[in-house]
Amino acid sequence: GDITFHQSWKQKDRVPFPTMEDSHGTEKSYRKVLRNSLTDLGVLKDDRQSSKQTIFSLWNALSGAGAISYPWGFSESGIFMGLGVLLISPLSSLFTSFVTLDLSHGELEFSIMIYKYLGYKMQVFALFISLFSVASTACQAFSVLNSVFFYTIGAFNDWATGNELTFGTVTLSEFSSTYTAVIIGIAMLALSMLKKPALLMKIVSYGVICSITVYSFVTAYGIYGWSQHYDKLVFTGDAHGDEIKVELFYSAGWSKCAAIFVQGFITQNMLYAFFKNQRHPENNKRDLSIAFLLTTGGYAIAATFGYIGWQAMYPNNIQQNCIDNLSYTNPIAFIVRLGIMFQTCSVIPLFLYVIRTQLFGFFMNSEWPSSRHVFILNLVIIVACTIINLFFPKQLGMIIDYSATICGICITFFLPLACVAAIDYRRYKGKNITYAPVVPLQDELINQSVNHDAEDTHEKEESHILEGENRGEPLTLNKLGMNLAFYAFIFALGFGLLYFQFIL
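Keep in mind the model is a prediction, meaning the values are calculated, not measured. (Residues numbered from 1 in each chain as written. Predicted model: local features only at pLDDT ≥ 70, side-chain atom pairs only at ≥ 80, totals over all residues. Heavy atoms only, no water.)

### A look at helix α4 (residues 79–104)
For α4, spanning 26 residues, the distance from its first C-alpha to its last is 37 Å, which sits close to the expected 38 Å at 1.5 Å a residue. Just downstream of α4 lies His 105, where phi reads positive at about 55°. (Helix = DSSP H or I, 4+ residues; strand = E, 2+ residues; numbered from the N terminus. Expected span 1.5 Å × (residues − 1).)

Below is the structure:
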């Protein structure tokens, strides 16, 4: 029969799985090593993802539809200031992402990792912040998807009948965004019921094609606008007459641009989803770095050329969604909206997967307790997203601004840095570096494929309860002080980039 584990919903009451070193010398649970070994022998189907899939999935998730807002972002910050913020944001986020990967070994879900180093109360706090962050991001993506889907249908309607459709009407008496929201909700509910993470990651990785389409459009249209009005553009000094001023160095609204960029790199609480099925976990940091580099490069090119071109075409009137500067019947804008639509369709199920993994992992120690549990959770989230987008669209923007700021500060900076600070302090005191042993989420494939005696397995696990990890080299007081100062600097940097948008 299947292996049965009777685990408490509280992490502190669960029995830790025994660990061993794999072929790369990395400490992993027996279950993880067992699964990899059975896969290599052909007993289990190899559904692990390649590095290419991991990179493309991360690139797609990081990019999103963000390129359409970056011309506006640079109009608020200036080109050089925007590029500076764009360099600092991914570097600081990449550092804390490396910290998260090191501490979780790519096996521990984010809140479980927090429990391992900071304890139960911080785990609950991390879980709440993470769920709120991912849920608000999913709601925002749902809003973008509903908008582009409605305008796509509106373009078809205009071309066929010559009649315009008005977005934002909440009614069932005539075709409105209510219909498109319901259609999208049903489609996303079906996609979110995918059980295998490998299939989900494959879909997300293919979505990068749509992200590249959006990048290419914003860049190409920017170059076109620049070429049409290059003789009117002024990069230094004041504009006179029909000249058009392009902010080359600095603009007072830079903090808005900074908030957009930092929020775009909030990945620490979702790394488990991307790396749990990695075929070559020794490449985790490399793959993450490549994804960050591709995203940052795409942002920089699209934002720079997009700002200059859009400023030339629409002086001082760049919309936050630059596609809105074009008519929804514009053929090029129509193609780009299709790209945004398919890209967003690929990431919303990923957000729902992260939510179910964290929520059910905390209460049930399983990513998929049953189809009924998963269906009800997905249904509740999608219905909530639909209601908020239809009836509270203005409040949604405010919620996203504040939630992205608070959650960004906590997830990207505070929690990972607090973990390494706690480790360094324990090393200074000569204590074990972990707060408590932990239990990774159950691996359903092994549960379904390996016969074991549950009682013997449970006894074996009890005999391998970890008292804590190696204490490592003890830290001197000076080294501890230098490390804590560095962590404080990184936190202050991230806090400032996110918080200044509300005071400047």
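Moving on from the coordinates now.
### Brief notes about the confidence of the model for the protein chain
Per-residue confidence for the protein chain gives a mean pLDDT of 78, with 78% of residues at or over 70. Averaged over each element, pLDDT in the protein chain is lowest for helix α17 (residues 454–462) (38) and highest for helix α12 (residues 284–313) (91). Counting interchain partners and residues more than four positions distant, the pLDDT-below-50 stretch residues 1–9 has 27 contacts. Across residues 443–470 the pLDDT falls below 50, and counting only partners more than four positions away or on other chains, this stretch makes 52 contacts in the model. (pLDDT = per-residue confidence, 0-100. Contact = heavy atoms within 4.5 Å.)

### Remarks on the packing of aromatic side chains
Taken as a whole and assessed by the stated rule, the structure comprises 20 aromatic pairs. Aromatic pair Tyr 215 and Tyr 299: ring centres 6.2 Å apart, planes at 55°, arrangement tilted. Within this pair, whereas Tyr 215 is found in helix α9 (residues 208–229), its partner Tyr 299 is found in helix α12, the two being separated by 84 residues in sequence. A relative accessible area of 8% places Tyr 215 in the buried class. Among the residues examined, Tyr 299 registers a relative accessible area of 0% and is labelled buried. (Phe/Tyr/Trp six-rings, centres within 6.5 Å; stacked < 30°, edge-to-face > 60°. Buried < 20%, exposed > 50% of the residue type's maximum accessible area, 1.4 Å probe, protein only.)

### Some thoughts on unusual backbone geometry
With the exception of glycine, the majority of residues adopt a negative phi angle, and the majority of peptide bonds are in the trans configuration. In this model, Asn 316 sits at a positive phi of 55°, which is unusual for a non-glycine residue. Residue placement: Asn 316 occurs in the loop between α12 and α13 (331–364). A relative accessible area of 71% means that Asn 316 is categorised as exposed. At Asn 365, a position not held by glycine, the phi torsion is positive, near 55°. Mapping Asn 365 onto the fold places it in the loop between α13 and α14 (371–391).

### Digging into the pattern of salt bridges
Scanning the entire structure with this criterion turns up five salt bridges. Asp 102 is paired through a salt bridge with Lys 285; the nearest N and O atoms lie 2.8 Å apart. In this pair, Asp 102 is assigned in helix α4 and Lys 285 in helix α12, connecting sequence segments 183 residues apart. By relative accessible area, Asp 102 is classed as partly exposed at 41%. The partner of Arg 427 in a salt bridge is Asp 424, with the nearest N and O atoms 3.9 Å apart. In this pair, Arg 427 and Asp 424 are both assigned in helix α15 (residues 393–429), three residues apart and thus about one turn of the helix distant. For Asp 424, a relative accessible area of 5% translates into the label buried. (Salt bridge = Lys/Arg side-chain N within 4 Å of Asp/Glu carboxyl O.)

### Side note on the side chain of Thr 96
With respect to the helices and strands, Thr 96 occurs in helix α4. Apart from the residues lying within four places of it in its own chain, the contact partners of Thr 96 are Gln 268, Thr 412, Phe 413, Pro 416 and Leu 417.

### Description of the side chain of Ser 69
Its location among the elements puts Ser 69 in the loop between α2 (51–63) and α3 (70–77). Note on Ser 69: relative accessible area 15%, which makes it buried. Ignoring sequence-local partners within four residues, the contact set of Ser 69 consists of Ile 260 and Gln 320.

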